[in-house]
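# Results of the structural survey
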Amino acid sequence: MEKFTTITSPAVPLSTENVDTDQIIPARFLKATTRDGFGENLFRDWRFDKDDNPQTSFPLEDPRFSGEILVAGKNFGCGSSREHAAWAIHDYGFKVVICSFFADIFQNNALNNGLLPLRCSAEFLAKVFAAIELDNQTKIKVDLANQFVEIVATGEKESFEINAYRKECLINGFDNIDYLLSIQSEIEAFEKA
């Protein structure tokens, strides 16, 4: 996986609440066994009409919005446990999803796949949406090492929580196997003792 460093980027706003995994990646696209290619069908039924024409009213198809950060409404990633939802978001190019509440399984799937699900307060989330509405290219800074998110234009910040193990894995670009390999000498020393 790619190492996660500080990201400063514009953000794509998706204020819809209770976005489930079938809306993130519809079931009919779950035919592949590798993580590649799911991004093209991210939010497929919202991004395109029945004739496959882009819906410019949807934020991902709206040319005003871009960036590596998706800002989402409350209860993002609910529904089924499909890991493909995290794959699709990451494959599309997002590195962070900022939200006030994530479904637990989605949150774990995201962390397992190099995508940071950044949980902030509802109040700070509202400020982020307002900043994007004011300037669609406003930058959001996510500092994983110091665990804060900032609206660059205003300097408003909020800290966020993350499990220490998950944080270390993201910073180093480790999946669970990579992490075990990184401490292999410690494991071998323990086995000998």
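Values in this document were obtained by computation on a predicted structure and should not be read as measured data. (Residues numbered from 1 in each chain as written. Predicted model: local features only at pLDDT ≥ 70, side-chain atom pairs only at ≥ 80, totals over all residues. Heavy atoms only, no water.)

## Considering empty space enclosed by the protein
- For the coordinates displayed, the defined rule picks out 1 cavity of 30 Å³ or more.
- The space that makes up the largest cavity amounts to roughly 40 Å³.
- For the largest cavity, the full set of lining residues is Met-1, Leu-111, Asn-112, Tyr-165, Arg-166, Cys-169, Phe-174, Asp-175 and Asn-176.
- Only α4 (104-112) and α6 (164-172) provide two or more residues apiece to the lining of the largest cavity.
- Per-element tally for the lining of the largest cavity: the top contributor is α6, with 3 residues.
- The residue makeup of the lining of the largest cavity, split by class, is 5 nonpolar, 2 polar and 2 charged. (1 Å grid on protein atoms, 1.4 Å probe; cavity = no way out; pocket = protein on both sides within 12 Å on 5 of 7 lines; lining within 4 Å. Points joined across faces, edges and corners; volume = space filled by probe spheres on them. Helix = DSSP H or I, 4+ residues; strand = E, 2+ residues; numbered from the N terminus. Nonpolar A, V, L, I, M, F, W, Y, C, P; charged D, E, K, R; others polar.)

## Observations regarding the nonpolar core
- Core analysis: the biggest nonpolar cluster contains 53 residues, and Phe-43, Phe-76, Ile-98, Phe-106, Leu-116 and Val-142 have the highest contact counts within it.
- If you tally residues by element for this core, the top one is helix α5 (residues 122-134), at 6 residues.
- Excluding residues within four positions of it along the chain, Phe-106 makes contact with Ile-24, Phe-76, Gly-77, Ala-85, Ala-86, Ile-89 and Leu-115. (Core = buried A, V, L, I, M, F, W, Y, C linked by side-chain atoms within 4.5 Å. Buried < 20%, exposed > 50% of the residue type's maximum accessible area, 1.4 Å probe, protein only. Contact = heavy atoms within 4.5 Å.)

## Description of the sheet that holds strand β7 (residues 148-151)
- Spatially, the 4 strands line up as an open sheet ordered β1-β6-β7-β8, and their pairing is antiparallel. Strands at the two margins of the open sheet, each flanked by one partner only, are β1 (7-9) and β8 (156-159). Strand-to-strand twist across the sheet, computed as the mean angle between neighbouring axes with direction ignored, equals 15°.
- In this sheet, β7 lies alongside strand β6 (residues 140-143) in antiparallel orientation, the contact comprising 4 bridges. By the bridge assignment, Ile-140 is partnered in β7 with Ile-151.
- Sitting on the sheet, α5 touches β6, β7 and β8, and the angle it makes with β7 is about 35°. (Pairing = 2+ DSSP bridges. Axes fitted to C-alpha atoms, helices over the stretch in contact; angles between N-to-C directions.)

## Some thoughts on the pattern of salt bridges
- Scanning all chains against the criterion turns up 9 salt bridges.
- Here Arg-82 and Asp-22 are joined by a salt bridge, their closest N and O atoms 3.0 Å apart. Of this pair, Arg-82 sits in the loop between β3 (69-72) and α3 (84-92) while Asp-22 sits in helix α1 (residues 21-24), placing them 60 residues apart in sequence.
- The salt bridge partner of Arg-47 is Glu-61, with a shortest N-O separation of 2.9 Å. Residue Arg-47 is located in helix α2 (residues 44-47), and its partner Glu-61 is located in the loop between α2 and β3; the two are separated by 14 residues in the primary sequence.
- A relative accessible area of 6% means that Arg-47 is categorised as buried. (Salt bridge = Lys/Arg side-chain N within 4 Å of Asp/Glu carboxyl O.)

## So, the packing of aromatic side chains
- For the structure shown, the criterion picks out 8 aromatic pairs.
- Each ring, one from Phe-38 and one from Trp-87, has its centre 5.6 Å from the other, and the planes form 55°; the classification is tilted. With a gap of 49 residues between them, Phe-38 in the loop between α1 and α2 and Trp-87 in helix α3 connect regions that are remote in the sequence.
- Among the aromatic side chains, those forming a connected cluster through ring pairs are Phe-43, Trp-46 and Phe-58.
- Taking the ring centre of Phe-48 as reference, the NZ or CZ of Arg-44 above it sits at 4.3 Å.
- Looking at Lys-157, its charged tip hangs above the ring of Phe-148, at a distance of 4.4 Å from the centre. (Phe/Tyr/Trp six-rings, centres within 6.5 Å; stacked < 30°, edge-to-face > 60°. Lys NZ or Arg CZ within 6 Å of the ring centre and 35° of its normal.)

Distances and angles like these do not, on their own, reveal function.
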